[in-house]
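# Overview (structure and organization)
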Amino acid sequence: MWYLIIGHDRPDSLAARRAARPAHIARLEALRDVGRLKIAGPLPAIDAEDPGPAGFVGSALVVEFPDLEQARAWAEADPYREAGVYARVEVMPFRPVLP
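Before going into details, it helps to say that this report is about the structure given with it. (Residues numbered from 1 in each chain as written. Predicted model: local features only at pLDDT ≥ 70, side-chain atom pairs only at ≥ 80, totals over all residues. Heavy atoms only, no water.)

## Brief notes about the side chain of Arg17
- Mapped onto the secondary structure, Arg17 falls in helix α1 (residues 14–33).
- The class for Arg17 is buried, based on a relative accessible area of 6%.
- In this structure Arg17 touches Asp9, Pro42, Phe56, Gly58, Ser59, Tyr80, Val85 and Tyr86, once residues within four positions along its chain are discounted. (Helix = DSSP H or I, 4+ residues; strand = E, 2+ residues; numbered from the N terminus. Buried < 20%, exposed > 50% of the residue type's maximum accessible area, 1.4 Å probe, protein only. Contact = heavy atoms within 4.5 Å.)

Structure representation (structure tokens):
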């Protein structure tokens, strides 16, 4: 089953996000390497490729796991969550239709 994970950044989390980014990316790459990461990326706080000091409001990922509990457990162990970047994380089933 596929799942949509949305991590919502806490206010003023840009420095913590930058510090935890290498571990966060390494974890995503490991998931990609086993074919379970479908798409991932940050949610800029402003309409810009590089939001600069405005930072980000969160991240969105589409991942594949055997069940919702495993998807939730994986999301809660994210380095951004552990570093306090994410104030909250949502995990919900996702059913791809297009393309």
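Having put the structure on the table, let's press on.
## A short note on the nonpolar core
- Grouped together as the largest cluster of nonpolar side chains are 18 residues, with contacts concentrated most on Ile5, Leu61, Val63, Phe65, Trp74 and Val91.
- Looking at this core, the elements that each hand over two or more residues are β1 (2–9), α1, β3 (56–64), α2 (68–76) and β4 (86–94).
- Counting residues per element, this core draws most heavily on α1, which supplies four residues.
- Sequence-distant contacts of Val91, defined by excluding residues within four places in its chain, comprise Tyr3, Leu4, Ile5, Leu68, Ala71, Arg72 and Ala75. (Core = buried A, V, L, I, M, F, W, Y, C linked by side-chain atoms within 4.5 Å.)

## Remarks on the side chain of His24
- Within the secondary structure, His24 is located in helix α1.
- For His24, the side chain forms a polar contact with the side chain of Asp78, separated by 3.0 Å.
- Beyond its immediate chain neighbours, meaning those up to four positions away, His24 contacts Asp78, Pro79, Tyr80 and Tyr86. (Polar contact = N/O pair within 3.5 Å; in protein donor to acceptor, adjacent residues only side chain to side chain.)

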